[in-house]
Every structure is written in structure tokens, then in C-alpha cells.
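Coordinate analysis (summary)
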Amino acid sequence: MGYPPCSNPRKCQDSPCCTQGKKSAWPELLGKDGMLAKRTIEHENPNLTAVIETKDSLNLSVNQQFCCNRVIIYVTHGVVDIPFPCVG
């Protein structure tokens, strides 16, 4: 799986810092189709790349970086699972 290069120019530690007033979390996508969630997030904030990951293949090295240009969508059987998608 390829990830976009991590971008965090303000050295943010939380999603609201990254998005500067734009939407940073999508709890309403829990239980929705993963590809629909990806399209929704990228439509609502074109500066983000949404990446779909299965819960059983968590990539801890990627998750340790806080990136302002990425949303990881965790899915189980193609459906968005917890934690809900958010910037970081």
C-alpha cells in the first residue's frame, strides 16, 4: 500500500490544528462503505488523501506519524470501522 508523503508543516499534534477550520473528522461514516467514505472525505477536503486499511493489517509505523494530509479509513469487510476517520 502506498501512502502519500507525510505533511505536517505546523508540527500539529491534533486534527483541528491541521485543518485550520475545515472539517477534520467523519464520525458519520462509521458503518458506511469504505470507498464511499474515501470519495466523501476527498470531495469535502481536496487537500487530503484518504487511505483504506483493513483493521487486521494495521501499519503501526505509518500510524505513528501525525500527517496533516492523510486520513486512514479502517474497514472490516469493506465497511468503515472504529476509530472513525479523522485527519492525522
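Scroll up to find the structure this text is about.
Presented here is a report on the structure given in the accompanying data block. Since the structure is predicted, the reported quantities are computational estimates derived from the model, not experimental observations.

1. Brief notes about the pairing of strand E2 (residues 70-76)
Taken across its 7 residues, E2 has 6 buried, putting it largely inside the fold. As paired elements, strand E1 (residues 49-54) and E2 share 6 bridges and run parallel to each other. Bridged to Thr49 within E2 is Arg70. Counting the residues in the hairpin turn of E2 and strand E3 (residues 79-80) gives 2 residues, including His77, whose phi is positive at 55°.

2. A few points about the state of the cysteines
Tallied over the full model, the rule gives 3 disulfides. One disulfide in the model links Cys6 with Cys67; its S-S distance is 2.0 Å. Residues Cys6 and Cys67 are joined through a disulfide that is left-handed, its torsion about the S-S bond being -115°. With Cys6 in the segment before helix H1 (15-19) and Cys67 in the loop between helix H3 (60-63) and E2, this residue pair connects regions lying 61 residues apart in the sequence. A residue is classified by how much of its surface remains accessible, and Cys67, at 0% relative accessible area, is buried. Across a sulfur-sulfur distance of 2.0 Å, Cys12 and Cys17 are joined as a disulfide pair. In this structure the cystine formed by Cys12 and Cys17 twists about its S-S bond by roughly -65°; its chirality is therefore left-handed. According to the relative accessible area criterion, Cys12 is buried, its value standing at 1%.

Quick notes on the rules
- Residues numbered from 1 in each chain as written.
- Predicted model: local features only at pLDDT ≥ 70, side-chain atom pairs only at ≥ 80, totals over all residues.
- Heavy atoms only, no water.
- Buried < 20%, exposed > 50% of the residue type's maximum accessible area, 1.4 Å probe, protein only.
- Helix = DSSP H or I, 4+ residues; strand = E, 2+ residues; numbered from the N terminus.
- Pairing = 2+ DSSP bridges.
- Disulfide = S-S within 2.5 Å.

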